[in-house]
Amino acid sequence: MANAVNPVQIIGLKGSFTFSDAVDHFVSLGGDVVLLEPSMVCGKEHVLSAVMHAEKAFADGTNRAKNILTEIVLYAACERQISKALKKMKPREGSDGMVAVVLGIEGDLDLDTLGAERDDSLMDASLEKAEALGVTMFEGVSVEDAVLEQVATVDLLKA
């Protein structure tokens with residue numbers, strides 16, 4: 001199962017499309033997608049780490065969710081409860097875009113057809129985002145590193 005979601009593309013999206021439009025678009029291209037609230041994403045590595053931990057959970061049989069997409073959300077949210085994770089990470093109405101974790105599509109994502117524009121700055125890490133995620137900050141530790149550590153602790157929380 002470890003290669004089940006490769007390739008993975010993680011991008012920021014802006015535009016006048018809806019959550020459903022985005023899901024339908026990526027599925028029509030032959031892939032799957034997890035859409036995340038940008039105010040809860042602290043860098044591309046945060047999301048990539050969530051994908052890797054979710055893959056490992058399925059490979060090891062320690063997954064809590066029934067599918068890899070929900071398991072990714074669980075790790076990205078740094079939560080052990082699926083309902084809390086989904087509530088925290090779902091793009092909000094009126095939000096300034098979405099972060100898309102596109103699974104199973106190599107190359108061009110045909111964003112013009114979706115009416116979307118790529119904006120990876122939506123993923124930029126900040127102290128405010130880390131605090132919104134519930135990440136404990138320590139002096140001398142970067143926001144990005146603190147978030148990666150919190151993603152990794154989900155395995156401990158799941159036990």
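Coordinates for the structure precede this section.
Let me begin by describing the structure that accompanies this report. (Residues numbered from 1 in each chain as written. Predicted model: local features only at pLDDT ≥ 70, side-chain atom pairs only at ≥ 80, totals over all residues. Heavy atoms only, no water.)

**Overview of the packing of aromatic side chains**
Enumeration according to the criterion identifies zero aromatic pairs in this entry. The ring of Phe 19 is capped by Lys 90, whose NZ or CZ atom sits 5.2 Å from the centre of that ring. (Phe/Tyr/Trp six-rings, centres within 6.5 Å; stacked < 30°, edge-to-face > 60°. Lys NZ or Arg CZ within 6 Å of the ring centre and 35° of its normal.)

**A closer look at the layout of surface pockets**
Considered as a void within the structure, the largest pocket measures approximately 270 Å³ in volume. Lining of the largest pocket is provided by 15 residues; of these, Phe 19, Arg 92, Glu 93, Gly 94 and Met 98 occupy positions nearest its centre. Looking at the lining of the largest pocket, the element that brings in the most residues is strand β1 (residues 8-15), giving three residues. Of the residues contributing to the lining of the largest pocket, the split by class is five nonpolar, five polar and five charged. There is about 190 Å³ of room inside the second largest pocket. (1 Å grid on protein atoms, 1.4 Å probe; cavity = no way out; pocket = protein on both sides within 12 Å on 5 of 7 lines; lining within 4 Å. Points joined across faces, edges and corners; volume = space filled by probe spheres on them. Helix = DSSP H or I, 4+ residues; strand = E, 2+ residues; numbered from the N terminus. Nonpolar A, V, L, I, M, F, W, Y, C, P; charged D, E, K, R; others polar.)

**Let's talk about the packing of helix α2 (residues 44-60) against helix α3 (residues 68-76)**
Packed helices, taken two at a time, are described by the angle their axes make and the gap between the axes. Packing of α2 against α3 leaves a shortest axis separation of 8 Å and a crossing angle of 125°. Considering their axes alone, α2 and α3 lie oblique with respect to each other. The handedness of the crossing between α2 and α3 is right-handed. Two secondary-structure elements touch here, α2 through His 46, Ala 50, Val 51, His 53, Ala 54, Glu 55, Ala 57 and Phe 58 and α3 through Ile 68, Glu 71, Ile 72, Tyr 75 and Ala 76. Residue composition of the contact of α2 with α3, grouped by class: nine nonpolar, two polar and two charged. (Axes fitted to C-alpha atoms, helices over the stretch in contact; angles between N-to-C directions. Parallel < 35°, antiparallel > 145°, perpendicular 65-115°, else oblique. Left-handed = near helix turned anticlockwise from the far one by under 90°. Contact = heavy atoms within 4.5 Å.)

**Notes on the environment of Ala 22**
In this fold, Ala 22 is placed in helix α1 (residues 19-28). A relative accessible area of 0% places Ala 22 in the buried class. When the C-alpha atoms of Ala 22 and Thr 153 are compared, they prove to be 30 Å apart, with 131 residues separating the residues in sequence. (Buried < 20%, exposed > 50% of the residue type's maximum accessible area, 1.4 Å probe, protein only.)

**Some thoughts on a negative patch on the surface**
A surface patch of negative charge is lined by Asp 124, Glu 144, Asp 145 and Glu 149. Positionally, Asp 145 belongs in helix α7 (residues 143-158). Assessed through its relative accessible area of 45%, Asp 145 is described here as partly exposed. (Patch = residues over 30% accessible without salt bridge, like charges linked within 9 Å, V, L, I, M, F, W, Y side chains within 5 Å. Areas by Shrake-Rupley, 256 points an atom, 1.4 Å probe, with all protein chains shown as cover. Salt bridge = Lys/Arg side-chain N within 4 Å of Asp/Glu carboxyl O. Lys, Arg positive; Asp, Glu negative; His and termini not counted. Charge placed at Lys NZ, Arg CZ, Asp CG, Glu CD.)

**Here we look at the nonpolar core**
One finds Leu 36, Ile 72, Met 89, Val 101 and Val 147 to be the most contacted residues of the largest nonpolar core, which totals 35 residues. The set of elements that each furnish at least two residues to this core consists of β2 (32-36), α2, α3, α4 (82-89), β3 (98-103), α6 (127-133) and α7. Residues contacting Val 147, with those up to four places away along its chain left out, are Cys 42, His 46, Ala 130, Leu 133 and Val 135. (Core = buried A, V, L, I, M, F, W, Y, C linked by side-chain atoms within 4.5 Å.)

**Some thoughts on the pattern of salt bridges**
When charged atoms on two side chains of opposite charge get close, those side chains can pair. Tallied over the full model, the rule gives four salt bridges. When the shortest N-O distance is used, the salt bridge between Lys 56 and Asp 60 registers 2.5 Å. Separated by four residues within a single helix, Lys 56 and Asp 60 lie in helix α2, roughly one turn from each other. When its relative accessible area of 49% is taken as the criterion, Lys 56 is described as partly exposed. Judged by relative accessible area, Asp 60 falls into the partly exposed class, the value being 46%.

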